[in-house]
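Results of the structural survey
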Amino acid sequence: MKTFITITAFILVGVLTALFFGFNQTANSIDYDDEQEGISEQVIIRFSHVAAENTPKGLAARYFAESVQMKTNDEVTVEIYSNGEIYQDQNEWEALTSGKVEMIAPATAKLSPLFPDWQVLDLPYAFQTEQAVQEAYEGKIGEELLNDLKRSNAKGLGFWYNGFKQFTNDQHPIIQPVDMDQLHFRTMPGPTIAAQFDAVNASTSELSFNKTYRNLEVDFIDGQENTVSNIYSKKFYKEQSFMTISNHAYLGYAILMNKSFWNKLSKSHQEAIVSSMEETTDWVRRHSIEINDSQIRELKRTSDIQIDVLTNAQRKKWKEAFLPVYIQAEKSISPSLLREVKRIQNHYSSHN
Ligand code: LMR
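Here goes a summary of the coordinates provided. (Residues numbered from 1 in each chain as written. Predicted model: local features only at pLDDT ≥ 70, side-chain atom pairs only at ≥ 80, totals over all residues. Heavy atoms only, no water.)

1. Focus: the packing of aromatic side chains
Our working definition: Pairing of aromatic rings covers Phe, Tyr and Trp, the last counted by its six-membered ring, and requires centre-to-centre distances within 6.5 Å; plane angles under 30 degrees mean stacked, over 60 mean edge-to-face, and any other angle means tilted. Each helix corresponds to a stretch of at least 4 residues labelled H or I by DSSP, and each strand to a stretch of at least 2 residues labelled E; elements are numbered beginning at the N terminus. Buried means the residue's accessible area, taken with a 1.4 Å probe over protein chains only, is under 20% of the maximum for its type, while exposed means over 50%, and partly exposed covers the values in between.
In total, this model carries 19 aromatic pairs according to the counting rule given. For the ring pair Trp-93 and Phe-115, a centre distance of 5.7 Å and an interplane angle of 70 degrees mean the geometry is edge-to-face. Here Trp-93 is found in helix α4 (residues 92–97), whereas its partner Phe-115 is found in the loop between β3 (103–104) and α5 (130–137), with 22 residues between them in sequence. Measuring from ring centre to ring centre gives 4.8 Å for Tyr-137 and Phe-159, while their planes differ by 20 degrees; the resulting arrangement is stacked. Residue Tyr-137 is found in helix α5, and its partner Phe-159 is found in strand β4 (residues 154–164); the two are separated by 22 residues along the sequence. The same class applies to Tyr-137 and to Phe-159, which are both buried. Of the aromatic side chains, those joined through ring pairs into one cluster are Trp-118, Tyr-137, Phe-159, Tyr-161, Phe-164 and Tyr-250.

In structure tokens:
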């Protein structure tokens with residue numbers, strides 16, 4: 001009898017054990033999928049850019065990082081390296097495409113040596129209101145330019161906003177095009193930007209953003225063109241006596257990810273990134289205007305720089321002076337893009 005009880009208990013334990021493990025194994029195989037695997041794998045996106053933290057790009061990068069982290073339940077972390085701390089203008093493209101970092105956000109002009117069509121965004125007075133810029137970035141022009149990147153190892157996620165460029169210099173107020181005569185300016189790269197200065201008899205040196213302050217300090221250059229937020233955050237105003245609110249061209253950013261990295265991301269992570277990108281673009285489109293406005297108020301309050309605002313009649317003279325830039329552009333920019341610029345200009349002509 002004792003033996004019978006022992007054998008029955010043994011069989012019962014065996015059956016229960018088999019049932020338990022068998023059941024669990026079924027449950028595991030039902031739950032297991034590729035997304036589950038991602039849970040234990042932390043994905044890191046190293047995001048390098050050259051601007052300061054308190055700028056539209058610096059703040060947008062932070063907003064984007066928080067949004068991605070939240071939408072992926074902390075599975076994806078965006079590590080931000082600002083101020084050109086690890087890569088600068090001259091090497092950030094190589095760092096991105098070779099996978100040393102996963103994201104960069106260069107000013108659109110910085111892509112023009114590799115992708116000449118991108119110069120379209122640097123044409124002087126091409127887009128004269130924020131709505132016109134939005135129509136370019138988020139419309140046909142932006143789409144065509146991002147498409148152009150497909151022949152590289154960069155995936156274009158979209159565009160972020162900063163603001164209109166203004167001139168600064170340390171010689172005299174710049175009000176008329178003739179005031180540019182013989183001045184030497186730091187510029188971002190691209191024949192269109194060089195042609196803009198050439199048209200008003202100024203000379204240029206292409207210098208990286210992070211070297212600009214030093215070159216103003218040692219008087220290698222008389223001036224530079226940039227958004228108020230860059231002039232403010234990089235303290236260019238300390239080395240410059242005059243600033244002209246000319247709004248003569250727009251400075252914004254291409255948001256780029258390493259394509260091989262992007263292709264390896266799970267679908268849900270890609271969706272989270274696209275959705276964070278859309279939210280950040282909306283955010284920076286609205287806030288970039290406020291940031292530049294509040295920093296110009298700060299400059300008026302705390303610095304000695306003289307600020308001159310061009311009148312509509314004065315701006316008209318600058319537009320005329322810059323007409324040769326459009327003729328030169330025909331040599332290197334696709335006709336379809338130039339036609340779209342014309343269309344946008346005509347559409348917003350009441351603001352001209
Ligand atoms: C510049 O080089 O002047 C700008 O592109 C800097 C930036 O990234 O805003």
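2. Examining helix α7 (residues 191–198)
To keep it simple, the criterion reads: Contact definition: two residues touch when any of their heavy atoms are within 4.5 Å.
Residues of α7 that are buried include every one of Thr-192, Ile-193, Ala-195, Gln-196 and Phe-197, and no others. Considering only its buried residues, α7 is in contact with β5 (166–169), β6 (184–187), β7 (203–206), β8 (223–226) and α13 (323–329).

3. Details of the packing of α5 against helix α14 (residues 335–347)
Helix-helix packing is characterised by the crossing angle of the two axes and by the distance between the axes. Here is the rule we go by: Interaxial angle, 0 to 180 degrees, is taken between N-to-C directions of lines fitted to C-alpha atoms, where a helix line uses only the stretch in contact. Orientation categories follow fixed angle ranges, with anything under 35 degrees roughly parallel, anything over 145 roughly antiparallel, 65 to 115 roughly perpendicular, and all other angles oblique. By definition, turning the near helix anticlockwise from the far helix through less than a right angle yields a left-handed crossing, and turning it clockwise yields a right-handed one. Three classes are used: nonpolar for Ala, Val, Leu, Ile, Met, Phe, Trp, Tyr, Cys and Pro, charged for Asp, Glu, Lys and Arg, and polar for all others, with Gly counted as polar.
Running from N to C, α5 and α14 cross one another at 150 degrees; their axes reach a closest spacing of 10 Å. Here α5 lies roughly antiparallel to α14, going by the angle between them. α14 is crossed by α5, and the crossing has right-handed handedness. Facing α5, whose interface residues are Ala-132, Glu-135 and Ala-136, α14 presents Arg-343, Ile-344 and His-347. Split by residue class, the contact of α5 with α14 holds three nonpolar, one polar and two charged.

4. Let's talk about the packing of helix α3 (residues 56–71) against helix α11 (residues 267–302)
Across the interface, α3 lies against α11 with an axial gap of 9 Å and an inter-helix angle of 150 degrees. Viewed along their axes, α3 and α11 adopt a mutual orientation that is roughly antiparallel. As α3 runs across α11, the sense of the crossing is right-handed. Of the residues in α11, those touching α3 at Pro-56, Leu-59, Ala-60, Tyr-63, Phe-64, Ser-67, Val-68 and Lys-71 are Ala-272, Ile-273, Ser-275, Ser-276, Met-277, Glu-279, Thr-280, Trp-283, Val-284, Ser-288, Ile-291 and Asn-292. Along the lines of polarity and charge, the residues of the contact of α3 with α11 split into 12 nonpolar, six polar and two charged.

5. Details of the nonpolar core
Basically, it comes down to this: The definition of a nonpolar core used throughout is a set of buried Ala, Val, Leu, Ile, Met, Phe, Trp, Tyr and Cys residues joined through side-chain atoms within 4.5 Å.
Grouped together as the largest cluster of nonpolar side chains are 82 residues, with contacts concentrated most on Trp-118, Leu-121, Phe-127, Ile-141 and Trp-160. No other element matches strand β10 (residues 250–258), which puts seven residues into this core. Not counting chain neighbours up to four residues away, the residues in contact with Ile-141 comprise Val-120, Leu-121, Phe-127, Ala-136, Leu-337, Glu-340, Val-341 and Ile-344. Counting 14 residues, the second largest nonpolar core, distinct from the first, contains Ile-221, Tyr-237, Ile-296 and Leu-299.

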